[in-house]
Amino acid sequence: GMEIINIEDSKGKKLAEQYKIAKVPTLLVAGELDKDEVLKSAWPQIGEIVDGVFVFRQTIPPYVDVATGNLKGLVSVIYLSDTACTKCYDIKLHESALTNLGVTPKESKTVDVSSEEGKALVGKYDITAVPTMLLNGELEEYQNFQQVWPLVGKIWENDGTYIFTKLDEMGSYYDLEKDKLVEVDLAAKNTNTEVAQ
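Model, not experiment: these values are computed from the prediction. (Residues numbered from 1 in each chain as written. Predicted model: local features only at pLDDT ≥ 70, side-chain atom pairs only at ≥ 80, totals over all residues. Heavy atoms only, no water.)

A. Inspection of the sheet that holds strand E3 (residues 47–50) at higher detail. Taking strand neighbours across the sheet as the criterion, the 3 strands line up as E2-E4-E3 in an open arrangement whose pairing is antiparallel. Looking at the sheet topology across the chains shown, the edges are occupied by strand E2 (28–30) and E3. Ignoring strand direction, the axes of neighbouring strands in this sheet form an average angle of 25 degrees. The pairing of E3 with strand E4 (residues 53–56) spans 4 bridges and is classified as antiparallel. (Pairing = 2+ DSSP bridges. Helix = DSSP H or I, 4+ residues; strand = E, 2+ residues; numbered from the N terminus. Axes fitted to C-alpha atoms, helices over the stretch in contact; angles between N-to-C directions.)

Below is the structure:
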């Protein structure tokens with residue numbers, strides 16, 4: 001059977017102590033854990049077995065740090081769009097890309113590059129092309145995101161904002177410095193990559 005236990009109540013506190021749980025939500029699995037060979041080999045990668053109970057250690061953010069009660073892994077995103085650019089890729093593609101990496105921003109807003117706020121962002125972060133996205137928050141909590149980010153973006157040193165820079169991976173975009181549309185044929189691009197491999 002399955003039950004959901006709140007970390008705040010006595011049973012939850014007892015379990016947290018017994019199994020040294022530092023982050024919630026998590027999962028405890030009891031039963032015949034070594035019957036299945038595949039599962040048996042998977043356990044060490046995602047957690048550990050304590051007193052015959054499997055404790056899931058790979059917490060997916062946002063999670064609560066049990067010691068402090070703080071919520072960790074909160075992220076906010078600004079999608080910097082260019083509504084005047086009808087041929088530019090759809091900014092919503094970033095949303096699904098983030099979801100695939102396990103990042104669900106708590107706050108998100110879309111700002112147009114021609115607005116006052118948009119112009120301020122372009123100036124502050126030296127943005128040379130749009131659409132793009134700017135992320136803030138505890139992104140170090142997201143392992144998959146951290147592995148991918150060096151390939152697609154940069155981190156602004158002054159305030160730690162993550163700025164997406166690989167616009168040609170998403171499709172056609174607008175080059176603000178040259179003041180022109182850069183058309184990217186993703187279908188052709190993908191074909192070329194296959195030939196090269």
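B. Up close: the state of the cysteines. Tallying each qualifying case throughout the model produces 1 disulfide. Bridging Cys 85 to Cys 88, the disulfide has an S-S length of 2.0 Å. Taking the sign of the S-S torsion, 90 degrees for the link of Cys 85 and Cys 88, the bridge is right-handed. Considered together, Cys 85 and Cys 88 belong to a single accessibility category, that of buried residues. (Disulfide = S-S within 2.5 Å. Buried < 20%, exposed > 50% of the residue type's maximum accessible area, 1.4 Å probe, protein only.)

C. Just the environment of Gly 52, in detail. Position of Gly 52 among the secondary structure elements: in the loop between E3 and E4. On a C-alpha basis, the gap between Gly 52 and Cys 85 in space is 59 Å, while along the polypeptide they are 33 residues apart.

D. Geometry of the sheet that holds strand E5 (residues 63–65). Ordered in space as E1-E5-E6, the 3 strands form an open sheet in which the pairing is antiparallel. Among the strands making up the open sheet, the edge pair consists of strand E1 (23–24) and strand E6 (71–72). Where E1 meets E5, 2 bridges bridge the pair, whose relative direction is antiparallel. Each residue of the ladder has a partner; that of Lys 23, found in E5, is Asp 65.

E. Representation of the packing of aromatic side chains in the model. Evaluated as defined, the whole model comprises 5 aromatic pairs. Between the aromatic rings of Tyr 125 and Trp 156, the centroid separation amounts to 5.7 Å while the plane-to-plane angle is 80 degrees, which identifies the pairing as edge-to-face. Highlighted residues: Tyr 125 in helix H4 (residues 116–125) and Trp 156 in strand E11 (residues 153–156), separated in sequence by 31 residues. Comparing Tyr 125 with Trp 156 shows no difference in burial state: the two are buried. Members of the aromatic cluster, each reached through a chain of ring pairs, are Phe 145, Trp 149, Tyr 162 and Phe 164. (Phe/Tyr/Trp six-rings, centres within 6.5 Å; stacked < 30°, edge-to-face > 60°.)

F. Quick look at the environment of Ser 41. Position of Ser 41 relative to the elements: it lies in helix H2 (residues 37–46). Classification of Ser 41 by relative accessible area gives partly exposed; the value is 45%. For the pair Ser 41 and Asp 9, spaced 32 residues apart in the sequence, the C-alpha separation amounts to 33 Å.

G. Inspection of the pairing of strand E10 (residues 132–137) at higher detail. Sheet topology places strand E7 (residues 75–81) next to E10; 6 bridges connect them, and they run antiparallel. In the sheet register, Ser 76 faces E10, and the bridge partner there is Asn 136. As defined by bridge partners, E10 adjoins strand E12 (residues 161–164) across 2 bridges and the pair is classed as antiparallel. Looking at E12, one finds that Leu 134 is bridged to Ile 163.

H. Broad picture of the nonpolar core. Leu 98, Met 133, Leu 135, Leu 139, Phe 145, Trp 149 and Phe 164 are the most contacted members of the largest nonpolar core, which totals 21 residues. Only E7, E10, helix H5 (143–152) and E12 provide two or more residues apiece to this core. Ignoring anything within four residues of it in the chain, the contact list for Phe 164 reads Tyr 89, His 94, Thr 132, Met 133, Trp 149, Val 152, Gly 153 and Met 170. The next biggest cluster of nonpolar side chains, apart from the first, holds 15 residues, and it includes Ile 78, Ile 127, Ile 163 and Tyr 174. (Core = buried A, V, L, I, M, F, W, Y, C linked by side-chain atoms within 4.5 Å. Contact = heavy atoms within 4.5 Å.)

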